[in-house]
Structure formats: C-alpha cells, structure tokens
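Here is how the chains run, residue by residue.
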Amino acid sequence: VLLVRWSRYNPYYLEPEVRKEAYSRPESELSPEEKEERELKTLRPIKAAPNALTSSAFDDPVLSKFINMMMKDGNKVLAREIMMQTLENIKKKQVEKYHKAADGTKEEIECNPYAIFHQALENCKPVVGLASIQKGGKYYQVPIPLTDNRRRFFAMKWMITECRENKHRRTHMYEKLSQELLAAFEKEGNVIKKKHELHKMAEANRAYAHYRWW
Amino acid sequence: ACHSEKHVGQFYTLPSAHVRHLFPNGLPWCFQHQTKTFNETCIMVRQPALEVISCLKKADYSQPALRYLFYGLKGSGKTLSLCHTVHFCYTQGWLVLHVPDAHLWVKNCKELLPSSYSSSRFDQPLQATTWLRNFKITNEPFLSKIKTKERYVWTKREATEAGSPLGELVDQGISRVKSSSDVVGAVMKELRLQSSQPGADFRMAVAVDGVNALWGRSTIKRQDKTAVDPEELTLVYNLRKLMKNDWSGGAIITTLSQTGSLYTPKSAYLPQELLGERGFDSVDPFIPVSVPNYSEKEFESCYLYYTDRNWLQHPQSRTEEGKKELIFLSNRNPSMLERLCGFL
C-alpha cells in the first residue's frame, strides 16, 4: 500500500499533530478540553501527514506555502532548490554588506534571510481589495476588507508573477527573487508599487463602498 | 604554518596577498564564494594535512620524491587539505606546480590541435595557456632565478637558447598559443632535471587535484568521432612523466576526485577503484592519507566559526536542537554542512 495522502477524507478523520512540544507535556498541565482531545485521538483515525510537513525546528508554514505556489508541474524539488538558493543569495549579499560596513552601521543591517522574507511579505500585503459587484446592470469595483489568508496569497502571487515576467530573460529565478525581496524589504520595487496602485484604486472607488452588503 | 597536533580543529587565516598569488583559480568554487562573503580565507587545521606536513618537514630530499595521496568520501575535505599543504610549501619558499583539476584537461575540450612535436599526440592550447598564466602568477621569484639548460626550437624562426631564464619560456608559451602545450612540457622537464641536481637551492612541490583523470578515459573525440586516450594528450603525457619517481628534491601531493571523474560509479572512493590498474601501478609506492568526515571537536569548531562570522542566521539553528539536527542531516560531512548552513 503506497502511503499517499488523499485530499478528500471522511470528516471523521483528525489532523496529525507534528510538533514535539505537544507530546512532551505531562498529564497535570492539561486542561479538561485538552484531555478530551487526547482521548479522542487515541480512538479516531488520523489523516496521513503530507510529505512537506516536518517536525524539525527549521519548519516554516509561510515558506512552505510560498514554495508550493512557486512549484510548476509538481516539481517540488526544483521549487525548494530555488527557494534555498534565494535565501542563500540574500544572506550572502547582506553578510557582505555587514562585513564591509563601518562599526556604527553594523547593527542596522539585517542579515537573517527569514526575517527579510517575512518583512518583505508584510510590506507587500494589501490592506483592502476590490471586488466586482453587480448593481443595476453595471459592474462596479467595490473596495472590501480582505482576510489574512487572502492578503498573504496576493502578496505571494504578485511577487512570483513579477519575478517571472518583468525581469531580464537571462537572469536566474533565485537572482530575480532575491533582488525583489530585498527591494520589498526597503519598501521600493515593482510589487510595492502594485500594492500602492491597488490602494489608490480602492480610495478612488470609495464612494461605492456601501454597495457591499456583508 | 608551524602547526602541530595541539591546533587540530582551529581555523587559521590565509593572508590575502598569498591567496591571490598562490590560487589564481585553484580553490573550489564554493570556497571562493565563501571567501568573498566573509572577506577572508580561513582553512581548518585537520589531521590528514598535519600528517603530510610533518612528513614533508622530516623527509630526506636527496632521495626520490615521495608521493602522498589524499582519498576519502565525497565532500570530506580533500581539496582543502591539498590547499593547506600547498600553502605550507609556499610559505617555506618552495616552487609550487599546482594543477587545480586534472579532469578539466580531459573533458570539454573546445580546441584540439595535432601536436607539432610528435605526430600521434594532441595539443590543448586553451588549457595550457591558462595553466601557464597561473604558474607565472604563483612562482614569480623563481622565473628569473632558474635558467634553461637546453635549446628549444618552436618554429623555423623562433628558438629559446640554453641559459635563458624560465620567465622567457613561460612568456613564449603565453604569447604563442599554438605551441603552449609543448612549452608546458619543456617547463616540466627543466624543473624536473634541475631539482634533482644536488646543487639546486629550491625544492619543487607538485600538487595535482583529481589525479585519477590522468589514467582514466576521456570524453574528447577526434574529427572522425573515435575516442582519444588520455595518453595521447601532450599535457597528460608530460604530467605523467612528472608523477614518476625518477627525480628528487621535492614532493608530489595528489588528491583523488570522484566528482569530476568520467565513467566511474558514484560510490567509488578508494584509490584502487578510482585509479584503475594502470594508474595504481604507476603511482604504486605512495603514502595514502585518508580524509574522514568531521570529528565532534571539528564540527563544534566549524559551527562556532559560522556563528562567529554571522553566517548561521536562523534563530532555531543557534539552539541545542538545531545543532543536533544539523549533525543528523549532514552526517558531519563538510560539504553537506556548508550547503545546509547556506540557507539556514
């Protein structure tokens, strides 16, 4: 039997718990609900954990999501390789700058590629989005609040499409991505510009905001 | 370079002037990137290199040259041990003949000329000129001191007289690209003859990386698509003459390499498997030095070095658990550790 995780499970199945800390807590620290959950887990079947989910300390859910979005034709190996090269590239550039900087400015240079990645994504997330709502035969672009997941999705999608299309043909993907991420960290670059344009459109269509009924 | 057993596991910095002269492109690609990022060249002192250095200090140089061979699993640090030993020889003032990778001479050849010296052999002008340029940068003080003993005729109008300095020979090879492989052969012959004489005031260190390329097969094909044996290449032929033990006054330090080698299985790392029968017989009385993965102390020191240079940035990698994970994932293999720490 090949261990493959299906996507449609019976709702009876429970999610797997991967983190080591959840299992090392002794009996006394648990509240009654958590005790009930533990009993439930001994009785009910559990879904198979996906391959990309690890219990290692270096696991990052946002990073895994980004790698999945960058993946083409199911080639996760290549997508992960590109991502790792991007992080290494960012780290190299920042560490070089750090070692060549004078002592006073050394503290301000951020060398951690993960911190840069998270901060750059934060800077790219739009606050409001536009939805196409039909009213009286015409479609209007109405500004609506977005959920957190949706905002994260937009940031990642813009980043990837921008790197794939708007850059010079002969540079590697990891090079393009690292340039774009560093620019987003400094709040410059095309992705930030796109976010600002979306905000301006939303501000311009502010009058139609009351067309939203939810 | 006066290292002893007490310094095992500690890093030492190579001065950048030495690096520019010794290794114009002799260091492995990843290590060059690391040097550029950290703004300094640091090699760890390890047991195999220390053994070879102590042998070099105590050897008797009137006897025929001793052959040392570094072997080990893929990525366990053979090339860097070779560089460490070569740097030691350079600081002692020896003449260094460093071939960064013998596999580059045996594959991906863009220009192949029939040799002017002997009709059955082939020349490789590009690789010969790059090697001569690097040789010139490395051994500048010796180029004016050593004189040639014989007369070499290149074409009908050009000849180098006996008694002219070595620098002229090398310049001849760099400017006249067509005869550069023959110049390489002439340089090697001169140095071999001169270092064997008891009156010579210099010692020669021949450092070859990927020595199994000299006796393996090659991917170069002739015009009619028949394969070329490495023996028929002038560069390889002359290098093999150097590897024979008939000269004295120096040492031969070599490394095996599976990564560049052609038509060998990936799991082969022992000398007998990689050199083949012919190779093993020609290198036969040699001193094998095995290069293992990092010991615990060496791993600690490498980890501390990366942390000190601000290279390990992930917050989790600085904890105990992160360290245990790194040991597990890399199996203490130096190249795997470098790749892992690259993005962590």
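If you're wondering where the values come from, they're calculated on a predicted model, not measured in any experiment.

Undergrad: Looking at this structure, how should I read the sheet that holds strand β4 (residues 95-99) of chain B?
TA: In a beta sheet, neighbouring strands are held together by backbone hydrogen bonds and run either parallel or antiparallel to one another. Residues and elements named next belong to chain B. An order of β4-β9-β10-β3-β11 is seen for the 5 strands of this open sheet, with the pairing classed as parallel. Each end of this open sheet is capped by a strand with a single partner; those strands are β4 and β11 (287-290). Each strand of the sheet is rotated relative to its neighbour by a mean of 15°, with strand direction disregarded. In this structure, β4 lies alongside strand β9 (residues 204-209), joined through 5 bridges in parallel fashion. Bridge pairing in β9 places Leu97 opposite Val206.

Undergrad: Sorry if this is basic, but what is going on with unusual backbone geometry here?
TA: Trans is the common state for peptide bonds, and a negative phi is the common state for residues other than glycine. For Lys187 of chain A, which is not glycine, the phi dihedral falls at a positive 60°. A positive phi angle is found at Asn331 of chain B, which is not glycine, with a value near 55°.

Undergrad: Looking at this structure, I do not really get the environment of Ala251 of chain B. What am I missing?
TA: Residue and element names in this part refer to chain B. When you line up the elements, Ala251 lands in strand β10 (residues 250-255). Note on Ala251: relative accessible area 2%, which makes it buried. Put simply, Ala251 and Ile287 are 36 residues apart on the chain and 11 Å apart in space, counted from C-alpha to C-alpha. The contact partners of Ala251, leaving out residues within four places of it in the chain, are Leu56, Ala65, Leu66, Tyr68, Trp94, Met204, Ala205 and Val206.

Undergrad: What's the story with the packing of helix α12 (residues 320-330) of chain B against helix α13 (residues 334-343) of chain B in this structure? I'm lost.
TA: To describe two helices that pack against each other, one gives the angle between their axes and the distance between the axes. Residues and elements named next belong to chain B. At a closest axis distance of 9 Å, the pairing of α12 and α13 adopts a crossing angle of 130°. Considered as vectors, α12 and α13 are oriented oblique to each other. In this structure, α12 meets α13 at a crossing whose hand is right-handed. When α12 is examined against α13, the residues Leu326, Leu329 and Ser330 are found in contact with a partner set consisting of Met336, Leu337 and Leu340. Broken down by class, the residue content of the contact of α12 with α13 amounts to 5 nonpolar, 1 polar and no charged.

Undergrad: Quick question: what am I supposed to make of the pairing of strand β1 (residues 128-135) of chain A here?
TA: Within a regular beta strand, the side chains point alternately toward one face of the sheet and then the other, so they alternate between its two faces. All names here are of chain A. Bridge count for β1 against strand β2 (residues 138-145) is 8 bridges, and the pairing is antiparallel. Each bridged residue has a counterpart across the sheet, and for Lys135 the counterpart in β2 is Lys138. Between β1 and β2, which pair antiparallel one after the other, the connecting turn spans 2 residues, and Gly136 there sits at a positive phi close to 65°.

Undergrad: Quick question: what am I supposed to make of the interface of chain B and chain A here?
TA: Where interface size is given, it is often the accessible area lost as the parts come together that is meant. Each partner contributes residues to the interface: chain B has 20 residues there, and chain A has 17 residues. When chain B packs against chain A, the two sides together hide about 1,900 Å² of surface, and 61% of this comes from carbon and sulfur. Linking chain B to chain A there are 0 salt bridges. Looking at the side of chain B that touches chain A, the elements with two or more residues in it are α2 (29-38), α12 and α13 of chain B. By residue number, the principal contributor to the side of chain B that touches chain A is α2 of chain B, which donates 4 residues. For the side of chain B that touches chain A, the residue count by class is 7 nonpolar, 10 polar and 3 charged.

Basis of the calculations
- Residues numbered from 1 in each chain as written.
- Chains lettered and ligands numbered in written order.
- Predicted model: local features only at pLDDT ≥ 70, side-chain atom pairs only at ≥ 80, totals over all residues.
- Heavy atoms only, no water.
- Pairing = 2+ DSSP bridges.
- Helix = DSSP H or I, 4+ residues; strand = E, 2+ residues; numbered from the N terminus.
- Axes fitted to C-alpha atoms, helices over the stretch in contact; angles between N-to-C directions.
- Buried < 20%, exposed > 50% of the residue type's maximum accessible area, 1.4 Å probe, protein only.
- Contact = heavy atoms within 4.5 Å.
- Parallel < 35°, antiparallel > 145°, perpendicular 65-115°, else oblique.
- Left-handed = near helix turned anticlockwise from the far one by under 90°.
- Nonpolar A, V, L, I, M, F, W, Y, C, P; charged D, E, K, R; others polar.
- Buried area = accessible area lost by both parts, 1.4 Å probe.
- Salt bridge = Lys/Arg side-chain N within 4 Å of Asp/Glu carboxyl O.

By themselves, these observations are geometric and do not establish any function.
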